[in-house]
Every structure is written in structure tokens, then in C-alpha cells.
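# Results of the structural survey
Single-letter residue listing:
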Amino acid sequence: MKSLALILLLFPALILAQADWTRWKAVPPSYKIKIGQNTETEKSDGSFTSDVLIGLRSVYAFFISDLDGDNCPFYPSCSHFFVRAVQATNLVQGALMFADRFTRDTNIFKSSTQYPTRLHGRLYDPVFLYELDESKINIKKLLNPSNEN
Amino acid sequence: MKTKSNYFSVVLFLFLSLPFVLSKGQSKNTSPLFTPVNIKKFADYLFAEKDYLRAFDEYKKYLKTENNDTVRFKIALGFQQMGRYPEALTHFKGLFFNSDFTNQSRNEFFKTLFLADSLSYLINISNNEFFKTHDSLHVPLKLSFTAMMLQKMPLPDSVSFVNIFNKKEKAGMSELYSKQRRLPYKDPTTAALLSTVVPGLGKIYTGNYGDGITAFLFTGVLGYIAYDNFRANHSFRAWLFSGLTVLFYGGNIYGSYAAAQIFNAKVNFDFVSEVKKFLEKENYFIPRYNFGSK
Amino acid sequence: MKRTIEILLILLALATTAFAQGIFERQFRYADSLFKAGKYFDAITEFKRLMFFDSSGVYKFTSEMKIGLSYKAGGKENEAVKYFSLALKSANGEGEKFYAGTQIIRTLILSRKTDEALNLITQFLKTADDNQKNLLLYWRGWAFMFANRWQQAAKQFSELNENELTNLCKDVLNKKYSVNFVKGMSYIIPGAGQIYTGHYLSGLMSLGWNVLWGYTTVKAFLANRVFDGIMVGNLLWFRFYRGNFQNAEKFARQKNIEIYNDAFGYLENKFKGLKP
């Protein structure tokens, strides 16, 4: 039968049984189109600086970055990167990290060796690479950012 | 003759009614499909299909009535295959003593530690009597040497280092070892110093040419604007742009240091991947199993 | 005596076969009871056990279908399609083949593998009888809906006299925004497309920025400050102008997805007819 040959061609390498490596239950069918939630928003870490920055960032987003188009090719975008950098380190180090990020953003030649992964359609450039802490530079996580929101 | 024919009818009757007697009022556990032998057969099939969770369920049923170390060993192997390393380790440990798999379970224990990236722990326990194997394969030692290499620890003198490996393993290992000593790292401090002298030079050093040139132009232009405004006595603008120049100059030095670190992390990652590929090919120095129907 | 033994042996063979059949039938009923109780993971185990021991292959097709349906119920469409395909391979007669084939098609529709579903429908249409044809065309309509090809879906359903579905598709077509039209509006009047799609604040702010930077740019050129004019026009006006129509397009697409999802919600919860 022709259709059979077609089907077998379509599904040659389905990974067998991996779907059963956790016990699963019935799920009701869902017809709706799933919208990829891009939750870039930072949570407050309780510090004053971080709260002020989060506030300033949303003002900037409301008045400017939500209106001037998709300019940042990175995930997280530069303004989010700044907030996260300050949260991860301190205001001075965060500012330096931001300046470096901004310079890299301005460089129009972005190689895929430097930014090997895409997240939400943008180049994944996480903060943990730039904290100057070797133990945090996790290439595995850079290549598989599945847990990153 | 008569008695004989009677006897025959009785046998026939019993024989024909047998299926009905058996099939009436039976719970599922007495079905011949659920005898220990058949449960194990089915479980072995599921295991071979990598349908581990279902295989485990069957093996556990089997182990309720039978005692079989092969089955216990396969359960542990299944956990290892599924990437559930803590459970695999526990199950392998359970076979360390008084089992048919004392050596094999220890070998797999070390392989699992390697897969779970618990290299320091692996090195620590490799000489511990509790974990030692008593065969000529020396799997724990070999894996511990490999782990030490990855951890950049000083290796034992070269003789004892290579003596436990066979010829083929030796060739692969010494190639990796010499490669590791020539890994093309970039020095973060050098990168930062270079960028201190000429903005962007550190990034050129780490191979990020575009970033380097951009940083150079950026700092240059900002600095020029600041200088120009000082000359024109626009003091506010002058100080603003001076501040920005300092920020981007500093940011680039910082970024050069970071870029070198990231570069090195990538070099390490590639090397680790290569070592793991080698280990995968050598099956972590463990001979392949053939369980048959044991 | 010899004859007696022969008869006995034949009877023995017959009895064991009957006995074995009984066992497999019982195993099938057990597996099916798990399936009916919605214990799909365990049902799969028992159907696999049945297939493993039943060397005659009597239960092969049904078991594979049931395993496929179990995976489908668990939302594991790839595995479901795989087992339906195996069932198609072990199907006996056109009826079973068609049943397995349509299940593959329905699962492909659900996982939005539209091209594969449409290809398969075309394949089956070649040999289908009239009833089968109607069913296949019905699934083609569903495949179009799941691919957001509402125009084609409406046409397909109206040909099949499926009024409820035809109206649903037409309703979507009426409600949905033309992305290019919305974008075009914002090309002409910044913010217009955003306002049209209900994003009033965003539209007004876009308009504001464009007026401000447009005015500054023009003023600079009029005062012969060409450098300022180019800088402001390029870095600010153009930036916000581009952001303006990018937003218009984004909002139109978002709104459309909301409209599609309303329709899918209806199909999921309220529609009573045959569903994939």
C-alpha cells in the first residue's frame, strides 16, 4: 500500500518508548493555538536598587521600547539584561556588564559561534556568562536553555 | 476392554472440561501470562525495547516470588539509561556484596558517577575498599584517571597511568592527555590589559573581532565628543560624555575579561565532549553484556 | 490403542488451542477494561503483553489500534501515529485499513501536521467509496481549520453541507483582521492600525512620538540644520515610525489568534459532531 510506505517514510526515527519514561495520564485534547509566553519580566529580589531599576525599566518600556520596534536581537533584551545583571551582582558591576552588552549589541556582525542558541527567536545571551564567576559559566545551559523562561 | 473405554471417556471428559474449569472464576494473577517465567519474559522484551518503566513494574512483580540478581542489575541499568542517576547509584550499590554482580555493579556505579558529572566524588572513592573491584578490568581506576584528567589534577606518574589500559585505550587516552595539555586557552588578565591599553584589543585577542572594532569606535567617538564639548565649553555635555566614555571604556575591559573566560569555558566544554565521546566509544571501559535469558 | 493415542493427541492440540484462545481473550478483555477506565498507561502495558504472547496475531490489529488510541488520549500524538501506522500495516481488509488510516489523519490534524494529513487524505481518496470519501473530505475541512486556512475550510464544509462548521469558518473570516490592511493604515497614519485593533493607548502614543520627531526633523531641515535633521529623522523619527507599523502588525496577528482560539474553543467544548 502506497500510503503505508509514505507513513513509514514520515516517521522513520521516532524515539521508541521515551514517551513512557514517566508515568502519564489522559489529558483533554486542546485545539487552541499555543502562544509562546515570553515572560522576560524580572521578579524583585527585595533590594531597593533592584526595585528602582525594575520600576525605571517598566517606565522605559511603556514610553519607549514598546513603541520603537523590535531593536534588540538578544534574549534577554538589553534593558532586562541590565536589571538582571544588577540583581546578580551589584550596581557598578551591572553597569559595566550593561556597557559591554550594549557594545556587543551595536556590533552588527553577530556570529553563531559566539551566540549558539536562540530563545524566543532571539540570540540567547544570559547574564550568568558575564559575572566573572567561572563556576557559573555553564555551556551546557547555554546550549539547552529549556529551563530559562 | 470395557473398563478401558470407560477410563478413556473419563480422561476425555476431564481433559475437555479443563479449559473451562481453568477459565471460569480466575483472577488475572492466575492467568498463565502472569506466571513468574512469563512475567520475566515479557519484562525482558520491554527492557530490550527501552520501555524501562513498564519493564521495572514487571521485574518488581517477578522479584516478589523469585530471587534474581540479573534482574536487579538490569533495573539499575535501566535507571542509568533513563538518566535517573541517583536511583541507578542506589540500585547498583545494593548489588555490591553477596550478589552475582559485585564487580559489574561497581563498574556501572563508577560509570554512573561519570555520567552524573560527580567527578570529584568519583576520584575520592576510587581507592576506597568499599568500592574497589576485584577483577583485571580496573574500570574504577581508569574512570578515576579520566576524571582526574578532566579536573586538571596532577596525574600519577606516567607508567602506572598507562599500564592499566589496554593497547587501544592507551592510544586514545594518551592522545587526549597530550591534547589537554595544549588546550588553546586565552588569559583573561591579558585580555583585560590589552583592552586597557587599546579599547577593543582584548576582544580581538579573544577572537571577537566585530566586538573589538565596535568597542574601539564606540569609546573613540564618545571620547571625541566629550573632548569637543570641553573645547566648546559645554561643560554639562562634556561631563556627560566623559562619564559615558569611562563607562564604555571600563565596560569593554570588563567584557574582555569575561570574553576570555567564556572562550575558555567553550574550549573546556569541547574537550569534555571529546572525552565523553571517547568513553562512549569504549563503553566506559566496560565489556558489553549478554544477559541471554538469565 | 495406537488410534486412541492419536485421537487423544488431536484432542490435546484442540484443547490447548481453545485454552490459549481463552487466555488471550481474557487478557484482551482485561486490557480493554483498563482502556475503558481511562488507565491508558497500564492499558498499553497489557495490550503489549497480549501482543507479545499471542503469536497467532489475532489481536495484533486491535491491540495496536488501542495502544494508538491510548497514546492519543494521553496527548502523545507522535507515539499514537506510530502505533496507528503499525496497525495499518497489520490491517486485514479495506475496512480496517481505512479505520487505521483515518485515525492517523485525525491525529495528524490534532498535532497540526497539516501537510502530512492532507497528503494522506489524498492517498486514501483514490480508493475510497462514497461514504469514505465524505468522511475524508470532512477531515480535510478540519485539517484546513487547524492550519488556519479558514477560506478553504469554509468551502470544504459548505460542499459537504456541514452548516454549523461552515458558519463557524465564515464567522472567523468575517471577524479576522487583514494584517496587511492594518499595517497599511499605520503606514499612512501612525497609530491608526493599533487603534483599529483596540490598542488605543499604544496607538495614541505612537502617533505622539511620530508627530514630535517628524516635526523636529522637518523643522531642522527648514532651518537648514541638515545634520540635526538627518540625525533626528534617522535615529528617532524613523525608529518610532518603524515601531509603529511593527506594532500594528503584531496586534493584528495577536487579535487574529484570539479570534481563531475562540473558534477552536467552540469546537473543543460546544461542538457536538465528529471531532478529530
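Residues numbered from 1 in each chain as written. Chains lettered and ligands numbered in written order. Predicted model: local features only at pLDDT ≥ 70, side-chain atom pairs only at ≥ 80, totals over all residues. Heavy atoms only, no water.

### Remarks on helix α5 (residues 93–110) of chain C
Over its 18 residues, α5(C) extends 26 Å from the first C-alpha to the last, a length consistent with the 26 Å expected when each residue adds 1.5 Å. Just beyond α5(C), the residue with positive phi is R112(C), at close to 55°. (Helix = DSSP H or I, 4+ residues; strand = E, 2+ residues; numbered from the N terminus. Expected span 1.5 Å × (residues − 1).)

### Comments concerning the layout of surface pockets
Of the volumes computed, that of the second largest pocket is approximately 820 Å³. Considering the residues around the second largest pocket, the lining is formed by 27 residues, among which I137(A), A265(B), N268(B), F269(B) and V272(B) are closest to the centre. Residue contributions to the lining of the second largest pocket peak at nine residues, all from helix α14 (residues 235–281) of chain B. A breakdown of the residues in the lining of the second largest pocket according to their chemical character gives eleven nonpolar, ten polar and six charged. (1 Å grid on protein atoms, 1.4 Å probe; cavity = no way out; pocket = protein on both sides within 12 Å on 5 of 7 lines; lining within 4 Å. Points joined across faces, edges and corners; volume = space filled by probe spheres on them. Nonpolar A, V, L, I, M, F, W, Y, C, P; charged D, E, K, R; others polar.)

### Things to note about the packing of helix α4 (residues 91–106) of chain A against α14(B)
Here α4(A) crosses α14(B) at 85°, and the two axes come no closer than 8 Å. It follows that α4(A) is roughly perpendicular to α14(B) by the angle criterion. In this structure, α4(A) uses Q93(A), A95(A), L96(A), M97(A), A99(A), D100(A), F102(A) and T103(A) to contact α14(B), whose residues at the interface are L247(B), F248(B), G250(B), G251(B), Y254(B) and G255(B). Looking at the contact of α4(A) with α14(B) residue by residue, the classes come out as eight nonpolar, five polar and one charged. (Axes fitted to C-alpha atoms, helices over the stretch in contact; angles between N-to-C directions. Parallel < 35°, antiparallel > 145°, perpendicular 65-115°, else oblique. Contact = heavy atoms within 4.5 Å.)

### So, the confidence of the model for chain A
All names here are of chain A. This prediction gives chain A a mean pLDDT of 83; 85% of its residues lie at or above 70. Across chain A, the secondary-structure element scoring lowest on mean pLDDT is helix α1 (residues 2–10), at 42, and the one scoring highest is α4, at 95. The model gives residues 1–15 a pLDDT under 50, and that stretch makes 25 contacts with residues more than four places away or in other chains. (pLDDT = per-residue confidence, 0-100.)

### So, helix α6 (residues 102–115) of chain B
Residues and elements named next belong to chain B. Its 14 residues place the ends of α6 20 Å apart at the C-alpha level, agreeing with the 20 Å of an ideal helix rising 1.5 Å per residue. Burial runs high along α6: eleven of the 14 residues are buried. Taken residue by residue, α6 has N103, S105, R106, N107, E108, F109, F110, K111, T112, L113 and F114 as its buried positions. Contacts from the buried residues of α6 go to α4 (69–81), α5 (85–93), α7 (119–125), α8 (139–150) and α14. (Buried < 20%, exposed > 50% of the residue type's maximum accessible area, 1.4 Å probe, protein only.)

### Description of the nonpolar core
One finds F109(B), F114(B), L143(B), W142(C), M145(C) and L267(C) to be the most contacted residues of the largest nonpolar core, which totals 129 residues. Looking at which element gives the most residues to this core, the answer is helix α7 (residues 130–146) of chain C, with nine residues. With residues near it in sequence (within four places) discarded, W142(C) still touches Y31(A), I109(C), F157(C), L165(C), L267(C), F271(C), L274(C), K275(C) and P276(C). One finds F74(A), M97(A), A258(B) and A265(B) within the second-largest nonpolar core, a separate group that totals 22 residues. (Core = buried A, V, L, I, M, F, W, Y, C linked by side-chain atoms within 4.5 Å.)

### Quick look at the pattern of salt bridges
One pass over the structure, following the stated rule, counts 35 salt bridges over all chains. Note that D125(A) is salt-bridged to R101(A), the shortest N-O span being 2.7 Å. Of this pair, D125(A) sits in the loop between β3 (122–124) and α5 (139–143) while R101(A) is found in helix α4, placing the two residues 24 residues apart along the sequence. Each member of the pair, D125(A) as well as R101(A), is classed as buried. Through salt bridges with shared partners, one network takes in D100(A), R101(A), R104(A), D125(A) and K203(B). (Salt bridge = Lys/Arg side-chain N within 4 Å of Asp/Glu carboxyl O.)

### Section: the sheet that holds strand β2 (residues 118–119) of chain A
Residues and elements named next belong to chain A. A sheet is described by the order of its strands in space; here three strands give the open sequence β1-β3-β2, paired in mixed fashion. Looking at which strands have only one partner, the edges of the open sheet turn out to be β1 (74–75) and β2. Of the strand pairs in this sheet, β2 and β3 are connected by two bridges, and their pairing is antiparallel. By the bridge assignment, R118 is partnered in β3 with L123. (Pairing = 2+ DSSP bridges.)

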